[in-house]
Amino acid sequence: MTRSAPTVDPTRFRSVLGHFCTGVAVVTAHDGDAPVGFACQSFAALSLEPPLVLFCPAKSSRTWPVIERVGTFAVNVLSGDQRDVSATFGARGADKFAAVDWSPAPSGAPVLTGSLTWIDCAIEAVHEAGDHYVVVGRVTELGAVSDGRPLLFYRGRYTVTEPEAVEEMFTWPRPDDWF
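Treat the numbers as computed from the prediction; the structure is a model and nothing was measured.

What about the side chain of Q82?
Phase 1 of the analysis: Along the polypeptide, Q82 turns up in the loop between strand 6 (72-77) and helix 3 (83-90).
Phase 2 of the analysis: Owing to a relative accessible area of 5%, Q82 belongs among the buried residues under this scheme.
Phase 3 of the analysis: There is a polar contact of 2.8 Å between the side chain of Q82 and the backbone nitrogen of S79.
Phase 4 of the analysis: Excluding anything up to four places from it in sequence, Q82 contacts V77, T113, G114, S115 and L151.

Take a look at the structure:
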């Protein structure tokens, strides 16, 4: 039995979902000629065994076809000091890499200087999902981590976390509760 989905106003959908705070990342690749990348809020850890992550590029993305062709990518987790980097990689047009320093990950994908950390991946699977794709990546290498604060996106604006008020970090009762 199939039910017809109710009509959801896209503006209201965006407003309501904007109340879910997300981190900001830049997904990058290098095709041997030039680096490519785009700002991405829809990034998440997917599996510990095997180590998988996912991100969701728009079907209209001009960067995604290059990443798909290359077959590998890096996810750069942006720090609170990188709002300008997010804005650069979120815009269409100009050479986005002219404004940032970077070095290659083992896959050759750009690792952006100043990122909190990076994750190097190989494309495992791609699924169509509405006006986006869901890209599953197998993690092949992990970068060092920084103590900086992450860049967040909440209610249509950039924000950062507040400095920790307590010394002790919350821990989950069991290791498998998170994933």
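Quick look at the packing of aromatic side chains
Phase 1 of the analysis: Summed over the entire model, instances satisfying the criterion amount to six aromatic pairs.
Phase 2 of the analysis: Here F38 and F55 contribute two aromatic rings whose centre-to-centre distance is 5.9 Å and whose plane-to-plane angle is 50 degrees, an arrangement assigned as tilted. Here F38 is found in strand 3 (residues 35-40), whereas its partner F55 is found in strand 5 (residues 52-55), with 17 residues between them in sequence.
Phase 3 of the analysis: Its relative accessible area of 10% is what places F38 among the buried residues.
Phase 4 of the analysis: For F55, a relative accessible area of 0% gives the class buried.
Phase 5 of the analysis: On the basis of an interplanar angle of 80 degrees and a centroid distance of 5.0 Å, the ring pair of F89 and F97 is categorised as edge-to-face.
Phase 6 of the analysis: Judged by its relative accessible area of 8%, F97 is buried.
Phase 7 of the analysis: Grouping aromatic residues by their ring pairs yields a cluster made of F38, F55, W64, F73 and Y133.

Calculation notes
- Residues numbered from 1 in each chain as written.
- Predicted model: local features only at pLDDT ≥ 70, side-chain atom pairs only at ≥ 80, totals over all residues.
- Heavy atoms only, no water.
- Helix = DSSP H or I, 4+ residues; strand = E, 2+ residues; numbered from the N terminus.
- Buried < 20%, exposed > 50% of the residue type's maximum accessible area, 1.4 Å probe, protein only.
- Polar contact = N/O pair within 3.5 Å; in protein donor to acceptor, adjacent residues only side chain to side chain.
- Contact = heavy atoms within 4.5 Å.
- Phe/Tyr/Trp six-rings, centres within 6.5 Å; stacked < 30°, edge-to-face > 60°.

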